[in-house]
Each structure stands twice: as structure tokens, then as C-alpha cells.
Amino acid sequence: MSTQEVDYSPVFEILEDIFGDYKNHNDYRCQVSFDCPVCSHDIKSLDHGDGKGNLEVNYKYGVYKCWVCAETHDTHGSIYKLIKKHGNPKQLKKYLLLKPDEDEEANKRTYKPVRLPKEFVAFKDASMGMKLTPQYKQAHNYIKKRNITDLMLQIYGIGFCMGGQYEHRIIVPSYDENRRLNYFIARSYLQKTKRKYMNPEVQKEIIIFNEHLINWDEPVYIVEGAFDSIFLPNSIPMLGKFMSDHLFMTLYQKAKKIMIVLDPDAYNDQERLYHRLNCGKLMGKVWSIKLEGDKDIADLQGNISEYKLKQLD
Ligand SMILES: [Zn+2]
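Remember, predicted model here, so these are calculated numbers, not experimental data. Per chain, the residues get numbers from 1 upward, laid out in the order the sequence is written. For a predicted model such as this one, the threshold for reporting local features is a pLDDT of at least 70, and the threshold for listing and counting side-chain atom pairs is 80 or more; totals across whole chains, interfaces and linings nevertheless cover every residue. Water and hydrogen atoms play no part in the side-chain values, which are based on all heavy atoms of the structure.

Student: Give a detailed account of the sheet that holds strand S7 (residues 159–161), specifying residues and quantitative values.
Tutor: At least two bridges found by DSSP between two strands are what make those strands a pair. Helix and strand assignments follow DSSP, with helices taken as H or I runs no shorter than four residues and strands as E runs no shorter than two, numbered in order from the N terminus. Judged by pairing direction, the sheet is antiparallel, and its four strands sit side by side in the order S6-S7-S8-S9 without closing on themselves. Across the chains shown, the open sheet's two edge strands, defined by having one partner strand only, are strand S6 (120–122) and strand S9 (181–188). Neighbouring strand axes in the sheet, compared pairwise and without regard to direction, differ in orientation by 35° on average. Where strand S8 (residues 169–175) lies against S9, seven bridges are found, and the strand directions are antiparallel. Each residue of the ladder has a partner; that of Tyr175, found in S9, is Leu181. Only the stretch in contact is used when fitting a helix axis, every axis being a line fitted to C-alpha atoms; angles between N-to-C directions are given from 0 to 180 degrees.

Student: Explain the coordination of the zinc ion residue by residue, including any values.
Tutor: Metal donors: N, O and S atoms at distances within 2.8 Å, or within 3.2 Å for Na, K and Ca, with water omitted from the atom set so that some sites may seem incomplete. Within the first shell, the zinc ion binds the protein through Cys36 (SG), Cys39 (SG), Cys66 (SG) and Cys69 (SG), at distances of 2.2 to 2.3 Å. In these descriptions, tetrahedral denotes four donors with every angle between 85 and 135 degrees, square planar four donors and octahedral six donors with opposite donors over 155 degrees apart and the rest between 65 and 115, and irregular any other case. For the zinc ion, the four donor atoms are set out with angles of 105 to 113° between them, so the coordination reads as tetrahedral. Donor residues for the zinc ion, ordered by position in the chain, follow C-x2-C-x26-C-x2-C. Comparing Cys66 with Cys69, the two get one shared label, buried. Relative accessible area decides the class of each residue, using a 1.4 Å probe on protein chains only: under 20% of the type maximum gives buried, over 50% gives exposed, and in between gives partly exposed.

Student: Can you tell me about the nonpolar core, naming the residues and giving the values?
Tutor: Only buried residues count toward a nonpolar core, which is a set of Ala, Val, Leu, Ile, Met, Phe, Trp, Tyr and Cys residues joined through side-chain atoms within 4.5 Å. Within the largest apolar cluster, 34 residues are counted, with the highest numbers of intra-cluster contacts made by Phe123, Ile148, Ile158, Ile170, Ile185 and Ile230. When checking whether two residues touch, look at their non-hydrogen atoms; a contact exists if any pair is within 4.5 Å. Ignoring anything within four residues of it in the chain, the contact list for Ile158 reads Phe120, Ala122, Phe123, Ile143, Ile148, Met152, Leu153, Ile170, Ile171, Val172, Pro173 and Ile230. Membership of the second largest hydrophobic core comes to 25 residues, among which are Leu15, Ile18, Tyr59 and Tyr80.

Student: Just give me the short version of the sheet that holds strand S1 (residues 24–26), but keep the residues and values in it.
Tutor: Pairing in this open sheet of five strands is antiparallel, and the strands run S1-S2-S3-S4-S5 from one edge to the other. Every other strand in the sheet has two partners, leaving S1 and strand S5 (76–78) as the edge strands with one partner each. Here the average twist between neighbouring strands, direction ignored, is 15°. Bridge count between strand S4 (residues 63–66) and S5: three bridges; the pairing is antiparallel. Of the residues in S5, the one forming a bridge with Val63 is Ser78. The sheet strands contacting helix H4 (residues 79–86) are strand S3 (55–58), S4 and S5, and the helix crosses S5 at an angle near 105°.

Student: So what about the packing of helix H1 (residues 9–19) against H4? Which residues, and what values?
Tutor: Interhelical geometry of H1 versus H4 gives an angle of 35° and a closest axis separation of 11 Å. Crossing hand, H1 versus H4: left-handed. Together, Val11, Ile14, Leu15, Ile18 and Phe19 of H1 and Ile79, Leu82, Ile83 and His86 of H4 make up the contact between the two elements. Under the scheme applied here, ten amino acids are nonpolar (Ala, Val, Leu, Ile, Met, Phe, Trp, Tyr, Cys and Pro), four are charged (Asp, Glu, Lys and Arg), and all others, including Gly, are polar. Class assignment of the residues belonging to the contact of H1 with H4 gives a composition of eight nonpolar, one polar and no charged. Each crossing gets its hand from how the near helix is turned against the far one by less than a right angle, where anticlockwise is left-handed and clockwise is right-handed.

Student: Which residues make up H1, and what values do they have?
Tutor: Buried residues of H1: Val11, Phe12, Ile14, Leu15, Ile18 and Phe19, and no others. Down the axis, H1 shows its buried residues gathered within 160° of arc, on one side only. Contacts from the buried residues of H1 go to S1, strand S2 (31–34), helix H2 (37–43), S3, H4 and helix H5 (89–98). Two residues or fewer after H1 comes Gly20, characterised by a positive phi angle close to 75°. An arc is given here, and it is the one of the directions from the helix axis to the C-beta atoms.

So, in C-alpha cells, the structure goes:
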């Protein structure tokens, strides 16, 4: 299965619109630097950029920071804040259309505790009465269609919502190494939906999905989506096509052997990730597993040895 590909280029264009030519751009990390308008105009009273490129923006994580005046002039926070301050209303409106979740709250970027929706019911705990409801039947049909077994439902505590804002969604909870809830995936099971996923607002980049299920002494599989991880024991989903620095560091510290299995359409990303991971003490302990054609992880059904293992050099 494929997680939706995110195109960040419209956000990048808005930034260029506001701040002009960039100094450095790392499109793999979605990071770009511009002359800081606060340093240039407010501090140095220039009517052009100061040529330093100290304003760093990460348009994937939606955050920015000036390396010089962040502390003294509060030049850091969400992209929403940045555009609101330095862009025009038209640019802000354009940004909000691209990122409808962004609002003032995003400025705070606090580590809010995550709770499961109050309407949440785990499949394994559904009562007989609940099993007769259309909500249960629809949700359970979807589970069967995706070949998710009762055992998987039990191991991962997968459930659905009887109502509320997460109605018509399958919920896959994530618990950290101490079995504290740190995230959940809420995927729509309706044919037509405006938002396939509606996940809680937390910093995805600091989460290791279901770390409590990981045995670091065994090979750890790296996959894209939360649903992929259900089908492959001892796997960690990146929750996207790119690996966060936090996951990278954790793997580097804890993993003994790593197998990367992204969707076939992301094979270039997979090769790049392979080269990023296969260094230092992980050298020679990372494997890149190529899925054939349109196969995805659900097709493997935990029987990965049948598939061709390919180690890149
Ligand atoms: Zn600055």
C-alpha cells in the first residue's frame, strides 16, 4: 500500500515569493535558507538582504529559525507564524489552503499528551451488541479486506470509533517503550473521503511507532506506513517516505541489523536511506529489500525470506 506522496513545492514557492532567492536548499531534508528579514531590516536597517542566509526553514516539519536572532527577536516557530509576519494576506491564505491543519496552536508546538478518542473501541473488546452495529460491520469488513487477522487486531490493539470526529476510521494506537500511548493513526475506511488520515497533532518526528513491540536484538524492519508495520513483525514505520533524525539516531544506538522495505514506488528513497544508515557501526548491517512489481508488504504476510534479498554495495 502507498502512503500519500506529499508535494511540498507549493510551500517552497510561497517562501521564495516572500523571501526571494534562497542561499542553500536541501530538498531531501526539505530545508532551505534565506536572508533573515529581521536581521536584515530590523537589526541592520538594510533595504535588502544581508547575504548571510541565517533564516533556516524546514517546510516538511513546518518550522523555521534564524540562527542569529531567534532568541533575541523571537525569530522561530511555525511556518504559519513566519508567513503571517512577513508575507501578505494572499500568501497566507494560499498557505492555509495547502496546510489546513495549521493554526495559531501550531505556533506553540507543545508536547500534548495523546489520548485515544472517547468513542474508541478495540475490536478485541467489542461486545456482542456492538458487533451488530453498522459501524462495527463496516469497520470489520475493511479489516478483513486488508487481510488483517484477529491476532494482529489483538497484538496492536486496533479499533474503531462508534461516533465522534473519528467515526468511520480504523484506529491503530502506538505505545512507546514504556507502554504509554504516544500516537495513533486514524484511517478512513470509506470509499470517498476528504482526508484519508486524521492523526492527532503531535510531533510525528519524535515518535517511534509501537516501540514497545520492538526487539532490538533481532533484525528491525523499516517500513513506510503504520499499516505496513502490522504485517511485518519487528518493524517500525517511518510514517512517511522519509526517516526522522530521531528514528535514525535511535536505530543507530539500538539496532543490530536493519532491513529496509519501502513500497516499490519509493525504491530511490529506499536506496538513499540505505546509504544514510549503512555507515559507522551499522556498516554492513543494513539490508535493502526490493519488493517485486506491485507487491506490497501485506503480500509478504510475514514470510519475507521467500523474497529476493538484495544487498547494495
Ligand atoms: Zn535573524
